[in-house]
Amino acid sequence: MPGSARGYDGSMDFTSVELEFLRSQRLCRLATVGPSGWPHVVPVMYALTENGSFEFDADGIKLRNLVAEPRCALVVDASGPKRGVSVQGRAEVIGKERARLTPDRKFSWGL
């Protein structure tokens, strides 16, 4: 279901079903924008914060891309049945090789 809702505290309003799914998974696919404008997609382990942001390790190409262009997206999905959540937003470097994606938009399916 497409959506782009933020709570009063600035957090992403995930449904209870979306939150349950996101908390049950550990791996997502992160897409960053490379210097040529082409997407760079890699699997990363993530942690979902209380305010609906995603924290993950960012090194190498991911880190270079996020510093130059913070717009990114990630997908958390599973098969059997097909279901998932995709978010788009901006990431910030929050520590040594650590970043946080704050979603601006979300999409979910099969949940």
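Calculation notes
Residues numbered from 1 in each chain as written. Predicted model: local features only at pLDDT ≥ 70, side-chain atom pairs only at ≥ 80, totals over all residues. Heavy atoms only, no water. Helix = DSSP H or I, 4+ residues; strand = E, 2+ residues; numbered from the N terminus. Buried < 20%, exposed > 50% of the residue type's maximum accessible area, 1.4 Å probe, protein only. Contact = heavy atoms within 4.5 Å. Areas by Shrake-Rupley, 256 points an atom, 1.4 Å probe, with all protein chains shown as cover. Core = buried A, V, L, I, M, F, W, Y, C linked by side-chain atoms within 4.5 Å.

Caption draft 1: Looking closely at the overall build of the protein. For the protein, the count of helices and strands is two helices and seven strands. The helix and strand sequence of the protein, counted from the amino end, reads β-α-β-β-β-α-β-β-β. Counting only residues that meet the buried cut, the protein has 35% of its 111 residues in that class. At a minimum sequence separation of 6, the contacts of the protein that also span at least 24 residues come to 54%. Accessible area for the protein stands at about 6500 Å²; split by element, carbon and sulfur atoms hold 54% of it.

Caption draft 2: The arrangement of unusual backbone geometry in detail. Note the cis peptide between Gly80 and Pro81, where omega equals 0 degrees. One can find Pro81 in the loop between strand E5 (71–78) and strand E6 (83–95). The phi torsion at Glu97 lies on the positive side, around 55 degrees, for a residue other than glycine. Tracing the sequence through the fold places Glu97 in the loop between E6 and strand E7 (98–109).

Caption draft 3: Inspection of the nonpolar core at higher detail. If you look at the biggest cluster of nonpolar residues, it comprises 21 residues, and the most contacted ones within it are Leu22, Phe54, Phe56 and Leu74. For this core, the elements supplying multiple residues, two or more each, are helix H1 (16–24), strand E2 (27–33), strand E3 (39–48), strand E4 (54–57), E5, E6 and E7. Not counting residues up to four positions away in its chain, the partners in contact with Phe54 are Phe14, Leu22, Tyr46, Ala47, Leu48, Leu74, Val87, Ala99, Arg100, Leu101 and Pro103.

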